[in-house]
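Close look at the chain arrangement
Each chain, written out:
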Amino acid sequence: MVTKSLDLGCGSKPKNPFNAEEVYGIDVREDLGARVHQADLAIEGIPFPDNYFEFVSAYDFIEHIPRVIYAPKRRNSFIELMNEIHRVLKPNGVFLSSTPCYPHPSAFVDPTHVNYITEHTFALYFDEVNTWARGYGFRGRFKVRQQKNGSHLMALLNKI
């Protein structure tokens with residue numbers, strides 16, 4: 001079986017932190033490389049079938065996805081993205097997120113950062129115990145492990 005990984009917000013070259021045999025990417029830009037699909041994940045789904053990837057990664061990306069958009073109706077874009085990540089991961093698949101973490105200044109300096117992640121965001125809203133995001137439309141569950149790495153929160157979420 002060939003292992004497949006998807007890197008979100010990858011630019012023209014997707015990262016491959018899990019050494020998967022096939023690596024794909026998604027970015028909003030137009031100057032994309034091979035196996036990189038164009039999509040605006042704040043308003044579009046991930047253009048791959050259900051249960052397709054063993055791994056999904058997002059480096060310095062989640063903080064760019066708005067929590068809520070009103071255009072013209074309310075969308076919980078961050079929740080919708082987490083649903084999409086859960087959907088494209090195979091059972092027991094892994095989502096790796098590395099994002100600037102509150103209260104570090106790097107979480108706020110970039111004016112395109114619109115989604116502030118804390119040490120409690122994944123652990124309370126998307127885990128297998130609390131799943132507080134269910135109240136906003138989240139349909140999955142993850143086993144959450146995470147640690148601070150300087151200004152960033154490194155989170156590993158296993159699909160349940």
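Refer to the preceding data block for the structure.
Described in the following lines is the structure provided in the data block. All values derive from a computational prediction rather than experimental measurement. (Residues numbered from 1 in each chain as written. Predicted model: local features only at pLDDT ≥ 70, side-chain atom pairs only at ≥ 80, totals over all residues. Heavy atoms only, no water.)

Take the overall build of the chain next. Along the backbone of the chain there are three helices and nine strands. Start at the N end of the chain and walk to the C end: the helices and strands fall as β-β-β-β-β-β-α-β-α-α-β-β. In terms of overall dimensions, the chain has a C-alpha envelope of 40 × 35 × 35 Å along the principal axes. A burial count over the chain gives 47% of its 160 residues as buried. Put simply, of all contacts in the chain between residues at least 6 apart along the chain, 56% involve residues at least 24 apart. As presented, the chain carries roughly 8,100 Å² of accessible surface, and 52% of it is formed by carbon and sulfur atoms. Averaging the positions of the 18 positive and the 18 negative side-chain charges in the chain gives two centres separated by 6 Å. (Helix = DSSP H or I, 4+ residues; strand = E, 2+ residues; numbered from the N terminus. Buried < 20%, exposed > 50% of the residue type's maximum accessible area, 1.4 Å probe, protein only. Contact = heavy atoms within 4.5 Å. Areas by Shrake-Rupley, 256 points an atom, 1.4 Å probe, with all protein chains shown as cover. Lys, Arg positive; Asp, Glu negative; His and termini not counted. Charge placed at Lys NZ, Arg CZ, Asp CG, Glu CD.)

Before going further, it helps to spend a moment on helix H1 (residues 77-88). Relative to the 16 Å expected for twelve residues at 1.5 Å per residue, H1 spans 16 Å between its end C-alpha atoms, a close match to the ideal helical length. Counting buried positions along H1 yields ten of twelve residues, so the element is predominantly enclosed. Inspection of H1 places Ser-77, Phe-78, Ile-79, Leu-81, Met-82, Asn-83, Glu-84, Ile-85, His-86 and Val-88 among the buried residues, and these make up the whole buried set. (Expected span 1.5 Å × (residues − 1).)

Here the focus is the pairing of strand E8 (residues 142-149). Bridging between E8 and strand E9 (residues 152-159) involves eight bridges; their strand directions are antiparallel. When the bridges of E9 are listed, Lys-148 appears paired with Leu-153. Taking the residues that link successive antiparallel strands as the turn, the E8-E9 hairpin has two residues, and the phi of Gly-150 there is positive, at about 65 degrees. (Pairing = 2+ DSSP bridges.)

Turning to the packing of aromatic side chains, a few remarks are in order. Across all of its chains, the model carries 14 aromatic pairs by this definition. When the ring of Tyr-52 is compared with that of Phe-53, the centres are 4.9 Å apart and the planes differ by 85 degrees; the resulting orientation is edge-to-face. Given the relative accessible area of 0%, Phe-53 is considered buried. Grouping aromatic residues by their ring pairs yields a cluster made of Phe-78, Phe-122, Phe-126, Phe-138 and Phe-142. Across the ring face of Tyr-52, the terminal group of Lys-4 is positioned such that the distance to the ring centre comes to 4.7 Å. (Phe/Tyr/Trp six-rings, centres within 6.5 Å; stacked < 30°, edge-to-face > 60°. Lys NZ or Arg CZ within 6 Å of the ring centre and 35° of its normal.)

What follows deals with the environment of His-86. Considering the arrangement of structural elements, one finds His-86 in helix H1. Given the relative accessible area of 12%, His-86 is considered buried. Separated by 67 residues in sequence, His-86 and Leu-153 have C-alpha atoms that sit 19 Å apart. The contact partners of His-86, leaving out residues within four places of it in the chain, are Gly-140, Arg-141, Phe-142, Lys-159 and Ile-160. Within the structure, His-86 has its side chain in polar contact with the backbone oxygen of Arg-141 (distance 3.2 Å). (Polar contact = N/O pair within 3.5 Å; in protein donor to acceptor, adjacent residues only side chain to side chain.)

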